[in-house]
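Working through the structure, step by step
Here is what each chain is made of, one letter per residue.
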Amino acid sequence: MNQLQQRNRSLLIKLLAGTVLMFGFGFLLVPLYDVFCNITGLNGKLQNTGALTRDYAIDGQREVRVQFLAVNNESMPWRLHPELAEISVHPGEMMQTAFMAFNPTSSHMVAQAIPSVAPSEAAPYLHKVNCFCFEQQPLGAGEERAMPLVFMVDDQLPKYITTITLSYTLFDITPESSPVSGIAVEPARSVL
C-alpha cells in the first residue's frame, strides 16, 4: 500500500503541476502573442496612433490605395460599414473619413473596434491621428452615428506597397448586458 500511495501522490503532484502550468500559459498567451506580433510584424497591429511626432513631406508623385473593411464579432448585432470603401492618398497627406455605425437593438450598447492592417508590413507606416477605435463607442437603441477616422500614410512607406487594407472588428463590451440576438433585447441594467 505504501508504494501505491507514493505513486498516487506523485501522479497527483504531476497533475496539479500540469494544471498550474497550463493556467499560467493561458494567462500569458495574450502578452506573448502581442510580443510575437511586434517582433515579427504579423497581424498588422497598429503602433502609430495619436498625434504625429514629426512633419511629413507629401509625395505628390505617388498614390496609395487605402481600403476599409468592417467586420462584426459574431455576438455583435450592430451594422458597421465604411463611409467610403476605398480612398487614394498621397503619402504624407492627412485624410479624413468615417465609419457608419447603427445599433438596431432596443437597448443601449457599448462597442470597441479593434483595427488590423494588411499587408502587415504597412502597419508601421499607417498613422491614425484620430480614430473611433481609440475609445469605447456607446450607441443608444436605434441610434446611428458617423464615427470619424483621421489618418496619414507615412512618406517612408516602401515603394512596393501600393494598397493598404484597414479593417476593424467590432466587439460588444456592454457592461452587464444579456446576450443580444435579433432586435428585441432587454435593456441593460445601470449600476448607480
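Look up: the structure comes first, before these words.
Nothing here was measured: the structure is a model prediction, and the numbers come from that model.

Below, the discussion takes up the environment of Phe-134. Turning to its location among the elements, Phe-134 is positioned in the loop between β6 (126-131) and β7 (137-139). Spatially, the C-alpha atom of Phe-134 lies 9.8 Å from that of Pro-115, the residues being 19 residues apart in sequence.

As a further point, take unusual backbone geometry. Residues Ala-118 and Pro-119 are joined by a peptide bond in cis, for which omega reads -5 degrees. Here Pro-119 lies in the loop between β5 (109-118) and β6.

When strand β4 (residues 94-102) meets strand β8 (residues 144-153), the two strands line up antiparallel, connected through nine bridges. The partner of Gln-96 across the bridge, within β8, is Val-150. Relative to β8, β6 is paired through five bridges, and the arrangement is antiparallel. Within β8, the position partnered with His-127 by the bridge is Met-152.

Below, the discussion takes up the environment of Ala-122. For Ala-122, the position within the fold is in the loop between β5 and β6. Judged by its relative accessible area of 0%, Ala-122 falls in the buried class. Each residue touching Ala-122, except ones within four places of it in the same chain, is listed here: Val-117, Leu-157, Ile-161 and Ile-164.

Under the defined criterion, the tally for this structure stands at three salt bridges. We note a salt bridge from Arg-65 to Glu-86, for which the minimum N-O separation is 3.2 Å. One end of the pair, Arg-65, is in strand β1 (residues 64-72); the other, Glu-86, is in strand β3 (residues 86-89), and 21 residues separate them in sequence. By relative accessible area, Glu-86 is classed as partly exposed at 37%.

Rules and cut-offs
- Residues numbered from 1 in each chain as written.
- Predicted model: local features only at pLDDT ≥ 70, side-chain atom pairs only at ≥ 80, totals over all residues.
- Heavy atoms only, no water.
- Helix = DSSP H or I, 4+ residues; strand = E, 2+ residues; numbered from the N terminus.
- Pairing = 2+ DSSP bridges.
- Buried < 20%, exposed > 50% of the residue type's maximum accessible area, 1.4 Å probe, protein only.
- Contact = heavy atoms within 4.5 Å.
- Salt bridge = Lys/Arg side-chain N within 4 Å of Asp/Glu carboxyl O.

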